[in-house]
Number of protein chains: 4
Amino acid sequence: MAIRRMPVAGMRPESKGRGARMARRQARFTAQDLADDPRLRDHSPELWRPELGEVQRRLLSSAVRCFAANGFHATTTRDIAEGVGLSPAALYVHFPSKELVLYEIIRVGHERVLAHVQDPSIVGSGSSADRLRAIVAAYTVWHARHHVTARVCQMELNGLTAEHYAEIVEVRHRTNAYFRGAVARGVADGTFAQVDVERITRAMLSLSIDLVRWYRLDGADSPEQLGDFYADLALRLVTGPRD
Amino acid sequence: MAIRRMPVAGMRPESKGRGARMARRQARFTAQDLADDPRLRDHSPELWRPELGEVQRRLLSSAVRCFAANGFHATTTRDIAEGVGLSPAALYVHFPSKELVLYEIIRVGHERVLAHVQDPSIVGSGSSADRLRAIVAAYTVWHARHHVTARVCQMELNGLTAEHYAEIVEVRHRTNAYFRGAVARGVADGTFAQVDVERITRAMLSLSIDLVRWYRLDGADSPEQLGDFYADLALRLVTGPRD
Amino acid sequence: MAIRRMPVAGMRPESKGRGARMARRQARFTAQDLADDPRLRDHSPELWRPELGEVQRRLLSSAVRCFAANGFHATTTRDIAEGVGLSPAALYVHFPSKELVLYEIIRVGHERVLAHVQDPSIVGSGSSADRLRAIVAAYTVWHARHHVTARVCQMELNGLTAEHYAEIVEVRHRTNAYFRGAVARGVADGTFAQVDVERITRAMLSLSIDLVRWYRLDGADSPEQLGDFYADLALRLVTGPRD
Amino acid sequence: MAIRRMPVAGMRPESKGRGARMARRQARFTAQDLADDPRLRDHSPELWRPELGEVQRRLLSSAVRCFAANGFHATTTRDIAEGVGLSPAALYVHFPSKELVLYEIIRVGHERVLAHVQDPSIVGSGSSADRLRAIVAAYTVWHARHHVTARVCQMELNGLTAEHYAEIVEVRHRTNAYFRGAVARGVADGTFAQVDVERITRAMLSLSIDLVRWYRLDGADSPEQLGDFYADLALRLVTGPRD
DNA sequence: GATGAATGAGTCTTCATTCAT
DNA sequence: CATGAATGAAGACTCATTCAT
């Protein structure tokens with residue numbers, strides 16, 4: 001359950017470094033390292049907006065891997081471009097800046113999660129308990145299935161400009177409010193115990209958010225299994241203290 | 001429950017920057033900004049090793065604020081030094097490199113948590129339930145009381161060299177194993193339900209780790225209150241599904 | 001009488017730039033800005049060699065405006081091409097390089113001035129005074145009528161390659177010698193005072209050359225009026241000090 | 001009287017280029033080339049503000065030579081720094097940006113000229129004619145003595161930001177108004193003919209400004225000789241047409 | 001002809017780090 | 001101890017130019 005730097009432990013990136021200059025440089029993973037890393041498999045290719053071009057979508061996927069493994073600030077435009085076999089300058093043919101690559105990733109990520117948990121075909125129209133189950137499961141499944149992208153969405157927010165950051169925070173507020181509403185409804189209609197809605201909602205979100213630190217598609221749990229498990233836990237959390 | 005960039009929202013850091021050049025730069029918070037930010041209050045000064053000098057400890061506290069607010073890579077040695085009223089070169093009188101400042105913070109942080117949750121006077125020698133309660137509460141209290149430092153410990157691991165990273169991972173493994181043991185004991189002795197130890201332990205840790213993203217000392221909950229709350233939740237998680 | 005950056009003062013070019021990245025960039029005027037600027041009206045379209053195609057001539061006119069407003073080095077091939085509604089690559093269909101666009105402008109400009117001041121129908125065959133009058137007026141009129149092009153001819157010489165620069169210098173030498181001859185003749189035949197021919201010639205040329213810095217077609221003087229005025233001044237300069 | 005690229009004609013900068021990559025690059029003069037060029041001798045070292053440090057003043061002198069020879073945009077920060085034997089990064093220890101180096105040069109230059117022509121010990125309190133003589137001579141002497149700096153002041157204005165440009169324009173307006181006043185006074189008191197004050201003032205300024213294109217300290221005229229000569233011409237210009 | 005995509009070679013600027021004082 | 005000055009090594013981004021379509 002360790003927090004790990006995502007690429008394969010034991011593989012030392014500096015072993016492939018760009019020469020002596022790397023010596024003093026922070027060890028980092030190159031696009032080469034990342035391309036084949038099983039820990040960085042996720043389903044991001046299906047995420048990107050279809051109106052973007054092929055190269056743009058591949059650049060986004062490369063950037064997601066780089067940002068997830070090394071962080072936004074430790075990722076160079078060269079890293080991103082090399083992940084697609086292009087020169088650094090090519091990035092600027094498709095995106096106006098490195099920050100806008102990050103913004104596109106984070107914005108789309110946040111919009112997709114929100115849409116996913118609000119999807120009527122998923123949420124259904126059942127009881128408060130069923131509804132909460134569905135929401136938590138959907139949220140968890142999304143984060144697990146797209147865990148590499150989700151990691152960037154959760155951990156690289158400080159690479160955004162102030163303006164873009166504010167926009168993302170707004171989406172997060174809406175998502176959080178949606179969760180809080182689901183909990184509050186169950187409390188109001190007596191399905192759940194008289195829990196502290198704010199604190200309980202926070203805890204539920206924490207569970208799913210934190211999985212971006214450790215989840216792997218090739219691990220023990222499929223996204224759906226983990227979703228079920230966390231949905232169970234969520235229900236247990238809104239069950240008041242046993243008497 | 002939003003994730004926030006830690007310093008006060010709405011305060012535009014570049015307004016105090018080093019001149020026009022800052023305009024184009026990624027918005028960042030300077031030591032000045034950070035010194036007075038209520039969100040960055042934590043109890044880090046009591047953390048540092050007593051054998052360190054006064055200036056070293058103040059540099060560590062400054063670095064913690066900078067790393068928490070802007071991230072390791074976006075923090076300059078000037079940022080850290082200015083937080084103590086020194087020049088960048090002075091940092092090197094007290095630490096051999098910026099990375100070693102981070103390492104000192106993260107290492108001490110991890111050791112302190114581990115020591116804290118293992119502290120016999122805290123854990124006691126009660127039942128499996130009492131023991132788990134105490135451990136979760138202690139872990140949570142530590143993360144809340146030192147949430148700024150804890151944020152660095154959780155989120156800036158990729159600023160470490162490979163060697164230092166490996167050392168930290170080792171400590172984390174021991175901490176996680178300690179938790180897992182407490183859960184496993186309760187399951188073994190029948191105090192808890194037959195839960196999936198691995199998954200449940202992970203969930204419990206997630207709750208406390210994730211609080212570094214949003215906790216503030218001037219918020220609604222004191223560290224102890226949050227510790228109690230999360231200890232309650234932990235117990236509820238090891239209670240099997242009610243039937 | 002100020003030297004001005006040619007486009008309308010107060011118009012902030014970056015407001016129309018290529019996005020946020022322009023902010024940090026040296027303020028420049030885009031082809032859009034320049035197209036409608038009354039200060040950049042001149043008669044360049046009639047200048048270009050008729051054997052050039054329509055698109056080539058329009059590219060030259062666009063380039064003249066860009067070079068005059070921003071300077072050769074601060075003008076991109078994109079700027080030039082956009083002034084004609086084409087992509088940067090299209091420039092290379094019509095010219096082999098950006099430098100050759102500049103060279104074509106400057107060479108044609110210099111040849112045209114020389115031809116103009118030597119035009120027998122203008123210079124006539126009158127007295128030394130009439131001849132000098134005519135030459136100065138013609139030189140001035142040309143620079144005023146084509147002041148945007150002339151500005152490029154006078155101020156962007158250092159954008160040329162060494163070879164092209166040398167060719168242009170040669171034409172300038174001939175032009176200057178032609179002026180010097182007209183002054184010398186009047187001195188020799190007693191029409192003018194015993195002035196220092198070299199210094200006086202330089203002064204006369206300075207007057208007409210410097211107008212490229214401030215002249216506008218929509219200003220107080222028409223090219224012909226200014227030509228008359230400077231011709232008067234020239235005669236006054238070759239009149240020795242009155243006693 | 002040719003306009004020349006300032007460094008020694010015949011010396012081809014690319015002969016010392018940085019290798020094959022220079023082939024396609026615009027030929028430029030390096031700091032090495034410029035250091036010993038007799039055409040680039042001027043008196044700039046005495047110009048810089050005394051509160052600046054030694055290194056800052058030497059950087060300004062180096063920058064002046066580079067900007068004069070190659071233009072602001074074709075000058076790299078490396079060029080400037082190498083002229084003082086420093087690395088490119090050292091420039092930023094002393095100036096916050098390349099543009100601010102230019103601004104310092106141009107601002108000081110403009111302030112110095114204005115102060116010089118307004119210096120009571122130079123202008124005296126004589127007749128309108130004496131006064132105009134003194135002003136024109138002082139203006140000319142300044143431009144000749146500091147012709148390399150003056151060239152930058154006159155020809156590199158478009159390297160300034162919009163804000164700095166506006167400040168400089170304001171100083172120029174004051175200088176021009178001062179000249180205009182001197183002419184207008186002589187016209188008003190009957191010392192001069194009823195000349196067109198605006199046009200005549202412009203012509204007088206043109207003479208002195210244009211000398212930055214061709215003047216050399218090792219040429220035929222000393223600054224004072226040229227000042228006398230242009231003062232004579234100026235008086236001849238304000239003498240009405242002979243009857 | 002025209003252009004979208006691509007890139008080699010730079011350019012300004014930053015920054016961790018060193019060192020003489 | 002502290003620092004001002006200096007720098008090697010990057011890094012984001014630009015741009016003239018090429019080329020397949």
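Reading the values: rules and limits
- Residues numbered from 1 in each chain as written.
- Chains lettered and ligands numbered in written order.
- Predicted model: local features only at pLDDT ≥ 70, side-chain atom pairs only at ≥ 80, totals over all residues.
- Heavy atoms only, no water.
- UniProt positions renumbered as here; feature names shortened; annotations may be inferred.
- Helix = DSSP H or I, 4+ residues; strand = E, 2+ residues; numbered from the N terminus.
- Least-squares fit on C-alpha atoms with pLDDT ≥ 70 in both.
- Contact = heavy atoms within 4.5 Å.
- Buried area = accessible area lost by both parts, 1.4 Å probe.
- Salt bridge = Lys/Arg side-chain N within 4 Å of Asp/Glu carboxyl O.
- Polar contact = N/O pair within 3.5 Å; in protein donor to acceptor, adjacent residues only side chain to side chain.
- Nonpolar A, V, L, I, M, F, W, Y, C, P; charged D, E, K, R; others polar.
- Axes fitted to C-alpha atoms, helices over the stretch in contact; angles between N-to-C directions.
- Parallel < 35°, antiparallel > 145°, perpendicular 65-115°, else oblique.
- Left-handed = near helix turned anticlockwise from the far one by under 90°.
- Buried < 20%, exposed > 50% of the residue type's maximum accessible area, 1.4 Å probe, protein only.
- Expected span 1.5 Å × (residues − 1).
- Phe/Tyr/Trp six-rings, centres within 6.5 Å; stacked < 30°, edge-to-face > 60°.
- Lys NZ or Arg CZ within 6 Å of the ring centre and 35° of its normal.

A.B. asks: Talk me through the UniProt feature "domain: HTH tetR-type" (unreviewed entry) in chain A; I want residue IDs and the actual numbers.
C.D. replies: Taking the UniProt record as the reference, the feature "domain: HTH tetR-type" (unreviewed entry) is found at residues 53–113 of chain A. From the first C-alpha to the last, residues 53–113 of chain A spans 22 Å; its make-up is 75% helix and 0% strand.

A.B. asks: How would you summarise the relation of the copies chain C and chain D if you had to cite specific residues and measurements?
C.D. replies: When chain C is brought onto chain D, the operation consists of a screw motion whose angular component is 180° and whose axial shift is 0.0 Å, with 0.1 Å RMSD remaining. What the rotation and shift describe, once combined, is the action of a two-fold rotation axis. A share of 98% of the interface residues of chain C reappears at the interface of chain D, consistent with the copies meeting face to face through the same patch.

A.B. asks: Any chance you could break down the interface of chain C and chain D for me, citing the residues and the numbers?
C.D. replies: If you look at the interface, chain C gives 53 residues, while chain D gives 53 residues. Both faces considered, chain C and chain D share a buried interface measuring about 4700 Å² in area, 57% of it formed by carbon and sulfur atoms. Linking chain C with chain D are two salt bridges, by the criterion used here. For Arg199 of chain C, the salt bridge goes to Asp221 of chain D, with nearest N and O atoms at 3.0 Å. Linking chain C to chain D there are ten residue pairs in polar contact (both at pLDDT 80 or more). Elements that contribute at least two residues to the side of chain C that touches chain D include exactly helix 2 (54–70), helix 8 (147–155), helix 9 (162–188), helix 10 (197–210) and helix 11 (223–238) of chain C. At eleven residues, helix 10 of chain C tops the list of elements feeding residues into the side of chain C that touches chain D. Within the side of chain C that touches chain D, the residues separate by chemical class into 23 nonpolar, 15 polar and 15 charged.

A.B. asks: Could you give an account of the UniProt feature "DNA-binding region" (unreviewed entry) in chain A, with specific residues and numbers?
C.D. replies: The sites that carry the UniProt feature "DNA-binding region" (unreviewed entry) are, in the present numbering, residues 76–95 of chain A. Between the C-alpha atoms that bound residues 76–95 of chain A there is a distance of 14 Å. The span itself is 65% helix and 0% strand.

A.B. asks: Outline the packing of helix 2 (residues 54–70) of chain B against helix 8 (residues 147–155) of chain B, listing residues and values.
C.D. replies: Residues and elements named next belong to chain B. Where helix 2 meets helix 8, the axes come as close as 9 Å, and the angle between the chain directions of the two elements is 60°. Judged by the angle between their axes, helix 2 and helix 8 are oblique. Taken as a pair, helix 2 and helix 8 cross one another with a handedness that is left-handed. Of the residues in helix 8, those in contact with Val64, Arg65, Phe67 and Ala68 of helix 2 are Val148, Thr149, Arg151 and Val152.

A.B. asks: Account for the environment of Ala63 of chain A, naming residues and giving values.
C.D. replies: Residue and element names in this part refer to chain A. Looking at the secondary structure, you find Ala63 in helix 2 (residues 54–70). Accessibility expressed as a relative area gives 0% for Ala63, which makes it buried. With residues near it in sequence (within four places) discarded, Ala63 still touches Ile80, Val101 and Ile105.

A.B. asks: Let's hear about the side chain of Ser128 of chain B: which residues, and what values?
C.D. replies: Residue and element names in this part refer to chain B. With respect to the secondary-structure elements, Ser128 resides in helix 7 (residues 128–145). When its relative accessible area of 3% is taken as the criterion, Ser128 is described as buried. Polar side-chain contacts of Ser128 include one of 3.2 Å to the side chain of Arg185. The contacts of Ser128, once residues within four sequence positions are left out, are Arg185, Gly186, Asp189, Thr191 and Phe192.

A.B. asks: Lay out helix 5 (residues 98–118) of chain A in plain terms, naming residues and giving numbers.
C.D. replies: With 21 residues, helix 5 of chain A ought to run about 30 Å at 1.5 Å a step, and its terminal C-alpha atoms sit 31 Å apart, in line with that. Helix 5 of chain A sits mainly inside the fold: 15 of its 21 residues count as buried.

A.B. asks: I'd like a rundown of the packing of aromatic side chains, residues and numbers included.
C.D. replies: One pass over the full model with this rule turns up 16 aromatic pairs over all chains. Sitting over the ring of Phe72 of chain A, Lys98 of chain A keeps its end group 4.4 Å from the ring centre. The ring of Trp214 of chain A carries Arg202 of chain B above its face, with NZ or CZ at 3.7 Å from the centroid.

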